[in-house]
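Each chain is listed here by its residues.
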Amino acid sequence: MLADLHMHSTVSDGWRDPDEVAHLAADHGVRVMALTDHDTFYGVGRARAVAHRRGLGYVTALEVTTFPPNQMRHILGHGVDPNHPQLLAILDRTQGVFRKQTEAWIKVLEEQGIARELGLQAFAYKPTVMPGAVLKLVLQHGLMTEADAWASVRKAVDFMPADFYAPLPSPREAIDAIHAAGGLAVHAHPGSVPDQEMMKEVLPMLDGLEVYTRRHKPEQIPVYEELARQHGLLLTVGTDYHGFNGDDYVAPKTVIDIRYLEKLGSRVEWPAVEQAS
């Protein structure tokens, strides 16, 4: 069965709305999907409604940012309760960090005379914000090249005090919260972690490893297949789709391991008609 258990929308740093993301998955033959926006569930309702209307199974999920953020030890929580207080408390902390990052960059853009032109003051009223959402507007309006935009972001956030990122959870805290919320914890794109030893520290705590992702080069796949085997982890599939700068959606080329779907069990929410049959 074709599944995509790692996708992003405009609710975090994706370029397409949650319902568009679900339509893309359905249009490309995906049968089970998960919208995994960074540290938020705000897009779940819209994505699930379209997924069910199109006959897809839906997994309530997210991607949790952990400390230190430059190590990209992102933890996917599949099949979680979006109202679980332990998990929501962590998300409140991570969202606070993202908001401060975004406000810092908007201040830099204001100094350059760009923020007012884009109406960036409206971000103060959004329930979730990330620098990536501002980046989308800057690039769509052709105000900077991608390289200049990222340099501008770094100018805003690279000089934050040492304790700025302290509210971010450790991988263990994130995984414990995902498990407490009834979900399965999966390390996203392990090949993107600069310090591979730090990535390996997380493996004993996990339920699965995202081996099949567009972020991995072909030669990396067998490396992470073997790591998953050594640690008794199930292999998962996810595109990490963002639609960045208008990128087309390309469905996964590898089908999901049926054992992971079986482990998800009732965490996969099927359309009502299929449940009744």
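The structure under discussion appears in the preceding block.
Sequence positions are assigned chain by chain, starting from 1 and proceeding in written order. Local features in a predicted model are, by the rule used here, given only for residues with pLDDT of at least 70; side-chain atom pairs are given and counted only at 80 or more, and totals for whole chains, interfaces and linings are based on all residues. Only heavy atoms go into the side-chain values, all of them from the structure, while hydrogens and water stay out.

Chemist: Could you give an account of the packing of aromatic side chains, with specific residues and numbers?
Modeler: The pairing test for Phe, Tyr and Trp rings, Trp by its six-membered ring, is centres within 6.5 Å, and the orientation test on the planes gives stacked under 30 degrees, edge-to-face over 60, and tilted for anything in between. This model, assessed by the stated rule, comprises 3 aromatic pairs. For the ring pair Trp 15 and Phe 244, a centre distance of 5.3 Å and an interplane angle of 65 degrees mean the geometry is edge-to-face. Taken as a pair, Trp 15 in the loop between strand 1 (3-7) and helix 1 (18-27) and Phe 244 in the loop between strand 8 (234-237) and helix 10 (258-264) lie far apart in primary sequence, 229 residues in all. Per-residue accessibility, obtained with a 1.4 Å probe over protein chains only, is compared with the maximum for each type, and a residue is labelled buried under 20%, exposed over 50%, and partly exposed between these values. Judged by its relative accessible area of 10%, Trp 15 is buried. The class of Phe 244 is partly exposed, set by a relative accessible area of 22%. Ring centres of Tyr 241 and Tyr 249 lie 5.2 Å apart, and the angle between their planes is 85 degrees; on these two criteria the pair is classed as edge-to-face. Of the two residues examined, Tyr 241 and Tyr 249, each falls in the buried class. By definition here, charges over rings are those cases where NZ of Lys or CZ of Arg is within 6 Å of the ring centre and within 35 degrees of the ring normal. One Lys or Arg, Lys 126, reaches over the ring of Phe 123 and ends 5.5 Å from the middle of that ring. Runs of H or I in DSSP of at least four residues are treated as helices and runs of E of at least two as strands, each being numbered from the N terminus.

Chemist: I'd like to hear about the sheet that holds strand 2 (residues 32-35), residue by residue, with values.
Modeler: Within a sheet, each strand pairs with its neighbour through backbone hydrogen bonds, oriented either parallel or antiparallel. Strands are labelled as partners when DSSP assigns at least two bridges between them. In space, the 4 strands of this open sheet follow the order 1-2-3-9, with mixed pairing throughout. The outermost strands of the open sheet, each flanked by one partner alone, are strand 1 and strand 9 (268-269). Bridging between strand 3 (residues 57-59) and strand 9 involves 2 bridges; their strand directions are antiparallel. In the strand pairing of strand 9, Tyr 58 is matched with Glu 269. The contact criterion used is simple: two residues touch if any of their non-hydrogen atoms lie within 4.5 Å. To obtain an axis, a line is fitted to C-alpha atoms, over the contacting stretch when the element is a helix, and the angle between two such axes runs from 0 to 180 degrees between their N-to-C directions. Running at roughly 155 degrees to strand 2, helix 1 makes contact with strand 1 and strand 2 of the sheet.

Chemist: I'd like a description of the side chain of Ser 12, backed by residues and values.
Modeler: The residue Ser 12 is located in the loop between strand 1 and helix 1 in this model. With relative accessibility at 2%, the residue Ser 12 sits in the buried group. Each polar contact in these results corresponds to two N or O atoms within 3.5 Å; when the atoms are within protein, one needs to be able to donate a hydrogen and the other to accept it, and residues that are neighboring in sequence are counted only if both atoms are side-chain atoms. A polar atom in the side chain of Ser 12 sits 3.4 Å from the side chain of Asp 13. Within the local environment of Ser 12, its side chain forms a polar contact with the backbone nitrogen of His 38, the two atoms lying 3.4 Å apart. Apart from residues lying up to four places away in sequence, Ser 12 is in contact with Asp 37, His 38, Met 130 and Ala 133.

Chemist: Give me the environment of His 187: which residues, what numbers.
Modeler: For His 187, the position within the fold is in strand 6 (residues 184-187). Setting aside residues up to four positions removed in sequence, His 187 forms contacts with Met 72, Arg 73, His 74, Ile 75, Val 193, Met 199, Val 202, Leu 206, Gly 208, Leu 209 and Glu 210.

Chemist: Let's hear about the sheet that holds strand 5 (residues 75-78): which residues, and what values?
Modeler: If you trace the 5 strands from one edge of the open sheet to the other, you get 4-5-6-7-8, paired in mixed fashion. Single-partner strands in this sheet number two, and they are strand 4 (61-64) and strand 8. Pairs of neighbouring strands in the sheet enclose a mean axial angle of 35 degrees, with direction left out of account. Across 2 bridges, the pairing between strand 6 and strand 7 (residues 208-212) is parallel. By the bridge assignment for strand 7, His 187 is matched with Leu 209. Contacts between helix 9 (residues 221-230) and the sheet are confined to strand 7 and strand 8, with strand 7 contributing the most and set at about 160 degrees to the helix.

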